[in-house]
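# Inside the fold
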Amino acid sequence: MNKAAIIVAVSLLLSRVLGIFREMLLAHAAGVSLEKNALDLAFMIPDILNHVVSTGFLSIIFIPIFTGYKVANDEKGGWKFFSNVLNTFGLVLLILVVPAFIWMKELIALLTVDGVTPELLERATYYGRIILPGQIFIFVGSILVAVQHTRKQFLIPSLTGLIYNIAIVVGGIAGIEIGKHTGTNLGLEGFAWGVPVGSFIGFFALQIFGAKRGGVHYEVICEPTHPDIVRYFKMMLPMSLGVGSMFGLEFIIRSFGANFGTSGISSLNYAYRVMYTLVAVFGFSVSVTSYPDMARLVKEGQIAQLNEKIWKSLSRMFCILIPAVVAVWALSFPAVRILFERGAFQRETTEAISEILRWYLPVSLGLCLQAVLVRSFYASERMWLPTLLNTGIFAATIPAYIWLAEPLGIKSVPIIGATGAILQVVSMIYMWAKKNGTDGMKTALLNMGRALVALGIMIAVAIGLDHVSGEFVRSTNFVVLVIYACAAGCVLLFMTLFIQKILGSKDAGDILNELVGKVLRKLHLKK
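Here we summarise the structure given alongside this text.

### With respect to helix α7 (residues 118-131)
With 14 residues, α7 extends 20 Å between its outermost C-alpha atoms, agreeing within 8% with the 20 Å of an ideal straight helix rising 1.5 Å per residue. All of the buried residues in α7 are Leu-120, Leu-121, Ala-124, Thr-125, Tyr-127, Gly-128, Ile-130 and Ile-131.

Have a look at this one:
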């Protein structure tokens, strides 16, 4: 990884650590109760609004157009475009937020299965109305982050998730403490209030500071018919209408989770959040930092170099991701026990969620590859093709969630999700190669194949480890379990990389040499 990728990866990792700590507090306070289900469900409408205005894709849409101004040395035009996007689409979001706030209950009821009880619906509506205003700050901040990314400024933008999660954690702790002293249940309400506060500080106030340091210029301008706003809208439209794997999985958890009892939504969500850490650290760190260069190479017409960059990034990322997946699979029970098993979160819940987590791990492979692949299409301003592919495959899987819910139970959600995510990746690889050639593709696919062989070998090792250590990890004390998990995780990581190297992966050899060199330098055995 280069310096920028390391900055983003470390920040995302810290953000996910805080996110996991947030889930730990929630597990302690609420376990898999109705209140926890309600809080998870409350994010449905805010997330859909986010999706409608493509807040999560703002950098992807904004950067190619803004970069065009930069390449043409038209800085004034670039800042006018920035201001116009901010004002025009911010107004659209504001218009959508008001009716969503008023009819929150009806919207949640419309988008969920019959398993949602009236009490769950009432609590989800209450929490949803607290959370909703934060989406406005997230929208503005996402545009400011995109501006900074075009200038290769990653540090301040990378702090958004950290501050957002800190605010939610602080809100939750404050709510729990107030609840203890007043005899009320304010813990989860504190978590909910942390969302708009964290959005304001991390996405809005801090990013204004960062963008000003980068020389941002803002104007009061709202011209929805400007050619570049029309172009922006055309690029945004497929993303607003389409459904990618990540949004689809979160929607399915909230919409179908109630099918699996009162703990369904929260059980799926706990496992998903642990798995999502892999996606954030590996997939997003590579995709976010490589995207500006992808957009530049497209503008300069250097498609062969673009291909080489994409496949090199995918190959190296996959090589590191596979050992992490092996470690999490082998240590799923210790991980869930260490993270969540306390307070209202009991042993039977640990057993259930660690099993769901294992089924979720193949999803991480698809999501990490997608995070990079989809940006190659977006850098080329080909928004409709990946959207139609991903949405079509997601739509095709929806009946499976209904048909397989009874025979497979709760694990049907990660199994179908993984199948859909991997099919989306295969489709995107085929369509990209068909249009842009295969420079660097063969080497990358061979390395990825070696990584998958290593994954198969190490899963067999992990199953053996599970049989040997099963009783130990369930009965030992917390401190010993943490030491065991860290030691076993490191051994599994190095073993998986070593097997990849033996199988002929140059990426694995390079990474092992780097890691061993760092360890030896730390021990003062190598200069």
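### What about the packing of aromatic side chains?
Applying the stated criterion across every chain, the model contains 19 aromatic pairs. Plain terms: the ring middles of Phe-62 and Phe-66 are 5.0 Å apart, the flat faces sit at 20 degrees to each other, and that makes the pair stacked. Of the two residues, Phe-62 and Phe-66 are both situated in helix α4 (residues 58-71); the distance of 4 residues between them amounts to about one turn of the helix. A single burial state applies to Phe-62 and to Phe-66, both of which are buried. A centroid spacing of 5.0 Å and a plane angle of 45 degrees characterise the contact between Tyr-270 and Phe-340, whose relative ring orientation is tilted. Of this pair, Tyr-270 sits in helix α13 (residues 264-299) while Phe-340 sits in helix α15 (residues 332-340); the two residues are 70 residues apart in sequence, bridging distant segments of the chain. Comparing Tyr-270 with Phe-340, the two get one shared label, buried. Aromatic ring contacts, followed pair by pair, group Phe-62, Phe-66, Tyr-69, Trp-79, Phe-81, Phe-82, Phe-89 and Tyr-232 into a single cluster.

### A word on the pattern of salt bridges
Enumeration over the complete set of coordinates arrives at 13 salt bridges. The salt bridge involving Asp-293 is made with Lys-309; its shortest N-O contact spans 3.9 Å. Pair noted here: Asp-293 is in helix α13 and Lys-309 is in helix α14 (residues 303-330), with a separation of 16 residues, a long-range link. According to the relative accessible area criterion, Asp-293 is buried, its value standing at 16%.

### What about the packing of helix α16 (residues 347-379) against helix α17 (residues 384-403)?
Contact pair α16 / α17: the axes reach a minimum separation of 8 Å and the direction vectors enclose 140 degrees. If you check the angle between α16 and α17, you find them oblique. Together, Gln-370, Val-374, Phe-377 and Tyr-378 of α16 and Leu-385, Pro-386, Thr-387 and Asn-390 of α17 make up the contact between the two elements. Grouping the constituent residues of the contact of α16 with α17 by class yields 5 nonpolar, 3 polar and no charged.

### Notes on the nonpolar core
Membership of the largest hydrophobic core comes to 154 residues, with the highest contact counts inside it found for Phe-62, Phe-82, Tyr-232, Met-275, Phe-340 and Tyr-360. With 19 residues, α13 is the largest single contributor of residues to this core. Dropping the residues within four chain positions of it, Phe-340 is found in contact with Ile-20, Glu-23, Met-24, Ala-27, Tyr-270, Val-274 and Phe-345. With 5 residues, the next largest nonpolar core counts Cys-319, Leu-497, Ile-511 and Leu-512 among its residues.

### Observations regarding a nonpolar patch on the surface
There is a patch of nonpolar side chains on the surface, built from Val-453, Ile-457, Val-461, Val-491, Met-495 and Leu-503 and spanning about 440 Å² of accessible area. Of all the secondary-structure elements, those providing two or more residues to the nonpolar patch are α20 (441-475) and α21 (478-502). With 3 residues, the top contributor of residues to the nonpolar patch is α20.

### Some thoughts on α13
At Tyr-291, α13 shows its maximal kink, close to 40 degrees; a proline, Pro-292, follows between one and four residues later. Among the 36 residues of α13, 33 are classified as buried, and the element is accordingly described as predominantly covered. Gly-301 sits one or two positions beyond α13 and adopts a positive phi of about 75 degrees.

### With respect to unusual backbone geometry
With the exception of glycine, most residues fall at negative phi, and the peptide bonds are largely trans. Even without glycine at this site, Asn-73 takes up a positive phi of about 60 degrees. Among the structural elements, Asn-73 can be located in the loop between α4 and α5 (75-102).

### Focus: the side chain of Asn-436
Within the element layout of this structure, Asn-436 appears in helix α19 (residues 412-436). Among residues more than four places away in sequence, those in contact with Asn-436 are Ile-303, Asn-307 and Arg-382.

### As for the environment of Leu-481
Counting through the fold element by element, Leu-481 comes out in helix α21. According to the relative accessible area criterion, Leu-481 is buried, its value standing at 0%. Between the C-alpha atom of Leu-481 and that of Gly-171, which follows or precedes it by 310 residues, the distance is 30 Å. The contacts of Leu-481, once residues within four sequence positions are left out, are Pro-334, Arg-337, Ile-338, Val-473 and Thr-476.

### Examining the packing of helix α2 (residues 34-42) against helix α3 (residues 44-52)
Their axes nearest at 5 Å, the elements α2 and α3 cross at an angle of 15 degrees. One finds that α2 runs roughly parallel with respect to α3. Between α2 and α3, the contacting residues are Asp-40, Leu-41 and Ala-42 on the first element and Met-44, Ile-45 and Pro-46 on the second. Its residues assigned to classes, the contact of α2 with α3 comprises 5 nonpolar, no polar and 1 charged.

Parameters at a glance
Residues numbered from 1 in each chain as written. Predicted model: local features only at pLDDT ≥ 70, side-chain atom pairs only at ≥ 80, totals over all residues. Heavy atoms only, no water. Helix = DSSP H or I, 4+ residues; strand = E, 2+ residues; numbered from the N terminus. Expected span 1.5 Å × (residues − 1). Buried < 20%, exposed > 50% of the residue type's maximum accessible area, 1.4 Å probe, protein only. Phe/Tyr/Trp six-rings, centres within 6.5 Å; stacked < 30°, edge-to-face > 60°. Salt bridge = Lys/Arg side-chain N within 4 Å of Asp/Glu carboxyl O. Axes fitted to C-alpha atoms, helices over the stretch in contact; angles between N-to-C directions. Parallel < 35°, antiparallel > 145°, perpendicular 65-115°, else oblique. Contact = heavy atoms within 4.5 Å. Nonpolar A, V, L, I, M, F, W, Y, C, P; charged D, E, K, R; others polar. Core = buried A, V, L, I, M, F, W, Y, C linked by side-chain atoms within 4.5 Å. Patch = residues over 30% accessible without salt bridge, like charges linked within 9 Å, V, L, I, M, F, W, Y side chains within 5 Å. Areas by Shrake-Rupley, 256 points an atom, 1.4 Å probe, with all protein chains shown as cover. Bend = angle between axes of the 7 residues up to and from the residue.

That is the geometry; function is a separate question.
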